[in-house]
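This is what each chain is made of:
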Amino acid sequence: MRIAPLSFFVSATLMAACATFNVTAQDTVTVNAIESELSVKQTELDNYTQILDKHLSEETRLQAQLDLLRTRSSDLDKEKNQALDAMNDLYRRLIDDPSLDISKAQTRYKESVVDHKKNKDDITMQLAAIASHRKDIEQIRVTKHTLVNTLESLKDQLSTARVERLRNEFTREGTLEVDHTINCKRTETLAACEQRGQQMALQKSTKRFVDQLFANLTEQRLVEPKRNLAGAQVQVLNSHVVSSAFSGQGNYSVNLSVSMRGDVNNSRLCSLISVDNRFCAEYGTPMAGSVGAYQANYPTVYSDSQLSFSEQAATSNNVQVGRINPPAAIEVIHSSSSNQPAKKTPVMVPVTLRSNVHDDEVFINGVSYGSTKLSVNIPSGTYDIEVRKLGYKPYKKRVTIRKAQTINARLVKKPESIAVPTPKREQSNTKASPTIVSQTPKNQIVIVPAGTFKMGDLVGNGLANERPVIEKVLSNSYGMQSTEVTVGEFRRFIENTSYQTAAEKGRGCAYYKDGEPVWDLDYSWKAPGYEQAESFPVVCVSYDDAKAYANWLSAEQGEQFRLPNEVEWEYAARAGTTSEYPWGNEIGKSLANCGWCGSAWSNKSASPVGEFSPNHYGLYDTVGNVWEWTQKRASQSGVTVRGGAWNFAPSLARVSTRLELATDFRANYIGFRLVRER
């Protein structure tokens, strides 16, 4: 028996096969190129981290020297005053005794003045050195945060390329020749024995084709243990008998040439190589049951789990197969192996599903088929149809499919209510209704309860500055604005105070271009480089601009407002969860406004506040939209921003991610929200 390897096909499919492998080779080149770029950028980031650490150490040393100079300045000032007093005393005595020698007192005073002046000059030079050093630190921090974003973006590109490579490797085409011999039964005709032998040879070829597909996967070691989850399939494109013969012992031998194309359940690709499911969202519906050119022309489809064969598995008229999940019918077509027409299983019925929302998910008998608009072919019968989307009540319906039809699902949005959990120390045995603080995404004050939480990288995917994990205790509740401060709110502050932001007084505002911040003199909170409305978060504001707004709001409302510190921000953003995001450890699709998150604003601009569901405490946009300034600690030379942004990688929108920047930095992806003290 001879099996043609996947790299050597008969002439009829040689050119197509070579093209397929060239594409796969190109996929590997792409993956390798991204991995190489990742390595380069990671090295750059490590180098900048080391440089920053050295600069911070040097700044500490310079600051210590400055403290010594200032301490010495006090001593020198005291010495100068004492020398002056001594000299003045001698001058008074000189009036009565002109022969008195005062030269030593004069020298002492002159030296004290010179030493004091030199120390003042040294302080001035030290301050200049520290200021220059801090500018270097600020630039290094900006470079670091752009490198971090570039790295995370490259990781996303790598995951996309790996998924695409795997999909292409599963969908290769090829031709196999298989030999198969069976014993003809006494009760069957020669024609029936011939057909049964050819059908079993077909089964053998598809089974071996699937084995070859798995054996030739680039990430075979990672995928093989999950083989039963892959949903691998084979589409028989063509088959013909090369040779066949009956023997005198009642045996039938056949050499069958079969042209095939692999397929896979695209929705499962991500789980096979352990990447976020969002990288498979673009593929939509699973392959089984879908309508495609190959399936329309060549309806023979075998799934990997169905490709085992035995003498009892075939009959003279059809191939017995196992249950298909998702459901699909099996048709066997022999292009030239028999003059007898093959019998077919029940005809597939085309069904179209639509809904009134985007980015939903369709389940048929509990199996995910992707999002609407969806067209599938399924056997006639009764099915449980369900359409889901986060924030909406699921659409459920049982339907009987007899003929082609369209199902229109209408999903109703769940009513939004922001319920504040009662702290344990305030709970009683009686069940009380939750307090509704706000039912709209207006910038109301949400009460964040007191409590304890673990702060930092709990899952293990974070940056170095998110570790170690530390348990924090917030003894008192506090109020926090439910949304980021909007353009409209900030405009009222400007109109009432005539305040000028740093962007309006200085060199404008930064925007992200080609992997790094670029300054534009014309950008400010009024014109950040994209179209915005009054409901958008205000951006292009520095740390000091945010503090100025907080001071004005405090005077305006008679209550104390300020920026949240990092502990308050992360505790409120986590809202009692321990996952990367309020809804779990995967960013999902269109659940927030961050780069490559699938929203209408991703990588384009900030979005109006409150466009996405709030977390459990009623806070909107703690994931993505714009980075948010937090209160500077005394131990910090810079200020930390939290929460991610519309043009930064999803992995940087995690609840524990922190980037440290200079206080005068401003960009069209940084805004803020405030806390109200008790």
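All chains use their own residue numbering, which begins from 1 and follows the written sequence. In keeping with the predicted nature of the model, local features appear solely for residues at pLDDT of at least 70, side-chain atom pairs appear and are counted solely at 80 or more, and the whole-chain, interface and lining totals rest on all residues. Side-chain numbers here rest on the full set of heavy atoms in the structure, without hydrogens or water.

Draft legend 1. Structural view of the overall build of the chain. Comment: elements are numbered from the N terminus, with helices defined as DSSP H or I runs of at least four residues and strands as E runs of at least two. When helices and strands are counted, the chain shows 10 helices and 27 strands. Only protein chains enter the accessibility calculation, which uses a 1.4 Å probe; a residue whose area is less than 20% of its type maximum is buried, one above 50% is exposed, and one in between is partly exposed. Here the chain holds 678 residues, and the buried ones make up 49% of them. Here, residues are in contact when the closest pair of their heavy atoms is within 4.5 Å. Within the chain, residue pairs in contact and separated by at least 24 positions form 70% of the contacts whose partners lie at least 6 positions apart. Per element, the accessible surface of the chain, about 32,800 Å² overall, is 49% carbon and sulfur. Computed with the Shrake-Rupley method and a 1.4 Å probe, the accessible areas treat only the protein chains shown as cover for residues.

Draft legend 2. Highlighting the state of the cysteines. Defined by distance alone, a disulfide is two cysteine sulfur atoms within 2.5 Å. Using the criterion set out here, one finds four disulfides in the structure. The disulfide that involves C509 links it to C540, with 2.1 Å between the sulfurs. Its S-S torsion of approximately -80° makes the covalent link between C509 and C540 left-handed. Here the residue C509 occupies a position in strand 20 (residues 509–513), and C540 occupies one in the loop between strand 21 (516–520) and helix 9 (543–557), the gap between them amounting to 31 residues. According to the relative accessible area criterion, C509 is buried, its value standing at 0%. C540 gets classed as buried once you look at its relative accessible area, which sits at 0%. Residue pairing for C594: its cysteine sulfur links by disulfide to C597, the two sulfurs lying 1.7 Å apart. Judged by the sign of its S-S torsion, about -60°, the bond between C594 and C597 is left-handed.

Draft legend 3. Representation of the sheet that holds strand 24 (residues 639–642) in the model. Read from one edge to the other, the open sheet built from four strands follows the order 25-24-23-26, with strand pairing classed as mixed. The two strands at the open ends of the sheet, each matched to only one other strand, are strand 25 (658–661) and strand 26 (670–671). With two bridges connecting them, strand 23 (residues 627–629) and strand 24 associate as antiparallel partners. Paired with W629 across the two strands is V641, which belongs to strand 24. Contacts from helix 10 (residues 566–574) reach strand 23, strand 24 and strand 25 within the one sheet, and its direction differs from that of strand 24 by about 10°. We call two strands paired when DSSP finds no fewer than two bridges between them. Lines fitted to C-alpha atoms define the axes, with helix axes restricted to the stretch in contact, and inter-axis angles between N-to-C directions lie between 0 and 180 degrees.

Draft legend 4. The environment of V387, seen in detail. Among the structural elements, V387 can be located in strand 9 (residues 381–388). Through-space distance from the C-alpha of V387 to that of Y369 is 10.0 Å; in sequence the pair is 18 residues apart. The contacts of V387, once residues within four sequence positions are left out, are S355, D360, E361, V362, P394, Y395, A409 and L411.

Draft legend 5. A look at the nonpolar core. Counting residues in each nonpolar core, the largest one holds 57 residues, and the members touching the most others are F490, Y549, W627, W629, Y669, I670 and F672. Of all elements in the fold, only helix 1 (14–96), helix 2 (103–170), helix 7 (487–497), strand 20, helix 9, strand 23, strand 24 and strand 25 reach the threshold of two or more residues within this core. Leaving out residues up to four positions away in the same chain, Y549 has contacts with V485, E489, F490, F493, F672 and L674. Each nonpolar core is a collection of buried residues, namely Ala, Val, Leu, Ile, Met, Phe, Trp, Tyr and Cys, held together in the definition by side-chain atoms within 4.5 Å. With 33 residues, the next largest nonpolar core counts I182, A201, L202 and V264 among its residues.

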